[in-house]
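Chain by chain, the residues run as shown.
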Number of protein chains: 2
Amino acid sequence: MIDNKTIQTMLARKSVRKYTGRVPDDEAVRTVVRAGQQAPFASQLYSVLLQRGGKAPFGAPLWFVICVDAHKLERFMELRDWKLVTNDLSLLLLGMQDAAYMAQNMVIAAESIGMGSCFLGEGSLSAGRIRALAKQYKLPPRVLPMVELVMGYPDEDFPPRPRYPLDFMLFEGEYPSLSDEQVRLAVDVMDEGYLAQDYYKHAKAKIALEDGRPDSYDYDSYSWTEHISRKWGQWMPDAADMLGALRERGFDLRPERDTAAEAGSHDDQ
Amino acid sequence: MIDNKTIQTMLARKSVRKYTGRVPDDEAVRTVVRAGQQAPFASQLYSVLLQRGGKAPFGAPLWFVICVDAHKLERFMELRDWKLVTNDLSLLLLGMQDAAYMAQNMVIAAESIGMGSCFLGEGSLSAGRIRALAKQYKLPPRVLPMVELVMGYPDEDFPPRPRYPLDFMLFEGEYPSLSDEQVRLAVDVMDEGYLAQDYYKHAKAKIALEDGRPDSYDYDSYSWTEHISRKWGQWMPDAADMLGALRERGFDLRPERDTAAEAGSHDDQ
């Protein structure tokens, strides 16, 4: 591994869930957001919302919401006598990348100046949270809260969390046919790594089993792949609520024929 | 602004479109990808594909494809006797964030060790490119190419590109009602900034007008907001192609009632 301050900062990063009372000054906020902006973009389809001095999770002094923002795009297009015609799905996929690249730069910038941070909601928002934030921040159409990010000075220290082995995620030439044995090796790296840090025991973060499925795991055996399996194996089976929340925010992902029928018009393209 | 090496690296980053013949060694590749991995994640829904020694755009020696990967998730869930039930839209939205946070860490890690990089395709892939990459890399179901990233040692130098003024993208407390005047100020910052760097003249990157719309712009007036307007005002009006490509990759974004009708089954949730 090549070593320098930036690489060290990135490798040492972890999600911080306990903060000191120290409040970052305006210069720290500006530094983090300006560094965020210099990430690559397709069309600067982003905005950052900020709340300070509130009741942020984990006692964090800064509570950001990183948004996909096509409202400002539409505003300047209108001034230039243009109308946005690109489909909402492509708009969302590109906008999410603009917003996410900026968000990650903010995370690293914060680390580099001694702050820590944590994405909320496991990296994404629920339909209900999208609606609540739209109301709280009076968001115009075509602004979609993508992820919440709390930030401040850490009041806890621990090693970085485990990651997949490199040969389980970097594939040269073609995607390999992974054997069960290879999958098990990666599972073991993750599970043993989290168990060695007592992560779930410390966080008391066990997810309950639904439908009366018996639970044979305690905190000496419950680890990352079991935790992740319980999420994706139980949560959010139906897309309707998320599709509705996106539509209310101005991103209509229904196929052309549906929206056309509803709007009574159709694009020939 | 608070100053340190990492902040300097982030503020100086720009998309590099010309590379020297120098080939990054394995250690450089490993450093970039490992630093990428320590970005925050929801479920490590990512893979990185790599091609070296090929014909990458701009003569870059490294050509990455950052993918949303739920295949490995399904593989380890199966070994744990779980079945993925979460809807494909939520899977995609969370997976894109996992993949994007990692991609941006790779960009910054590369900068810090003297390399440069450029996202291809303006930050996202077309339906056609998704299909071509799936075939080239023999991608299993539930692996979606999200963005291509070329990387190497820069053979050009120029100042970082302009960004929106901070007060046009950071909003505290609530999203403001933006006046036309405020929008115009931001437009001017962007357009004058790009014109001062002769960006479009140098890149010969003017987008043609469709439908016989007369073009009154030359490279002394054509700048960022006109360029962006021509994309979003002309390109990809129909979502059908992208929806189809996503569905072929295992991400079906159609509303529940459609997929249920087709599959002949329905989830009660």
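Residues numbered from 1 in each chain as written. Chains lettered and ligands numbered in written order. Predicted model: local features only at pLDDT ≥ 70, side-chain atom pairs only at ≥ 80, totals over all residues. Heavy atoms only, no water.

Right, let's get into the interface of chain B and chain A. Listed by partner, the interface residues are 134 residues for chain B and 134 residues for chain A. Summed over both partners, the interface of chain B with chain A buries about 12,500 Å², with 62% contributed by carbon and sulfur atoms. If you sort the residues of chain B by the area they bury against chain A, Trp82, Tyr175 and Trp232 of chain B come out on top, with a joint share of 8%. Counting across the interface, chain B meets chain A through ten salt bridges. The partner of Arg75 of chain B in a salt bridge is Asp180 of chain A, with the nearest N and O atoms 3.1 Å apart. For the side of chain B that touches chain A, the element with the highest residue contribution is helix H4 (residues 88-112) of chain B, accounting for 18 residues. Taken together, the residues that form the side of chain B that touches chain A break down as 75 nonpolar, 28 polar and 31 charged. Of the pairings in the sheet, the one linking strand S5 (residues 170-172) of chain A to strand S1 (residues 46-52) of chain B comprises three bridges and is parallel in character. Paired with Glu172 of chain A across the strands is Leu50 of chain B, a residue of S1 of chain B. (Contact = heavy atoms within 4.5 Å. Buried area = accessible area lost by both parts, 1.4 Å probe. Salt bridge = Lys/Arg side-chain N within 4 Å of Asp/Glu carboxyl O. Helix = DSSP H or I, 4+ residues; strand = E, 2+ residues; numbered from the N terminus. Nonpolar A, V, L, I, M, F, W, Y, C, P; charged D, E, K, R; others polar. Pairing = 2+ DSSP bridges.)

One open sheet accounts for five strands, arranged S3(A)-S4(A)-S2(A)-S1(A)-S5(B); its pairing is mixed. In this open sheet, the two edge strands, each paired with only one partner strand, are strand S3 (116-119) of chain A together with strand S5 (170-172) of chain B. If you compare each strand with its neighbour and ignore which way they point, the axes differ by 25 degrees on average. (Axes fitted to C-alpha atoms, helices over the stretch in contact; angles between N-to-C directions.)

We now examine the environment of Tyr164 of chain A. On the secondary structure map, Tyr164 of chain A appears in the loop between strand S4 (143-152) and S5. We classify Tyr164 of chain A as buried; its relative accessible area is 3%. The residues touching Tyr164 of chain A, leaving out its near neighbours within four places in the chain, are Met169, Ala186, Met190 and Trp224 of chain A together with Gln37, Gln44, Lys72 and Phe76 of chain B. (Buried < 20%, exposed > 50% of the residue type's maximum accessible area, 1.4 Å probe, protein only.)

So, about the packing of helix H2 (residues 26-37) of chain A against helix H1 (residues 5-12) of chain B. Between H2 of chain A and H1 of chain B, whose axes approach to 8 Å, the crossing angle comes to 40 degrees. Between H2 of chain A and H1 of chain B, the angle is such that the two are oblique. The two elements H2 of chain A and H1 of chain B meet at a crossing, and its hand is left-handed. Contact residues: H2 of chain A offers Thr31, Arg34 and Ala35 of chain A, while H1 of chain B offers Ile7, Met10 and Leu11 of chain B. In terms of residue class, the contact of H2 of chain A with H1 of chain B is built from four nonpolar, one polar and one charged. (Parallel < 35°, antiparallel > 145°, perpendicular 65-115°, else oblique. Left-handed = near helix turned anticlockwise from the far one by under 90°.)

Before going further, it helps to examine the packing of aromatic side chains. Applying the stated criterion across every chain yields a total of 23 aromatic pairs over all chains. Ring geometry for Tyr46 of chain A versus Tyr164 of chain B: centroids 6.5 Å apart, planes at 75 degrees, classification edge-to-face. One end of the pair, Tyr46 of chain A, is in strand S1 (residues 46-52); the other, Tyr164 of chain B, is in the loop between strand S4 (143-152) and S5, on a second chain. With 4.5 Å between their ring centres and 15 degrees between their planes, Phe119 of chain A and Tyr101 of chain B make a pair best called stacked. Residue Phe119 of chain A is located in strand S3, and its partner Tyr101 of chain B is located in helix H4; the two belong to separate chains. Here Phe119 of chain A matches Tyr101 of chain B in class, with each residue buried. The rings of Phe41, Tyr46 and Phe76 of chain A together with Tyr164, Phe168 and Trp224 of chain B are connected pair by pair, giving a single aromatic cluster. One Lys or Arg, Arg142 of chain A, reaches over the ring of Phe251 of chain A and ends 5.9 Å from the middle of that ring. Above the ring of Phe168 of chain A, the side-chain terminus of Lys72 of chain B is found at 5.0 Å from the ring centroid. (Phe/Tyr/Trp six-rings, centres within 6.5 Å; stacked < 30°, edge-to-face > 60°. Lys NZ or Arg CZ within 6 Å of the ring centre and 35° of its normal.)

Here the focus is the confidence of the model for chain A. Residue and element names in this part refer to chain A. Mean pLDDT over chain A stands at 93; residues scoring 70 or higher make up 94%. Low confidence marks residues 259-269, where pLDDT is under 50. Its contacts with residues over four positions away, or in another chain, come to ten contacts. At the level of chain-chain contacts, confidence expressed as ipTM amounts to 0.95, with global pTM at 0.95. (pLDDT = per-residue confidence, 0-100.)

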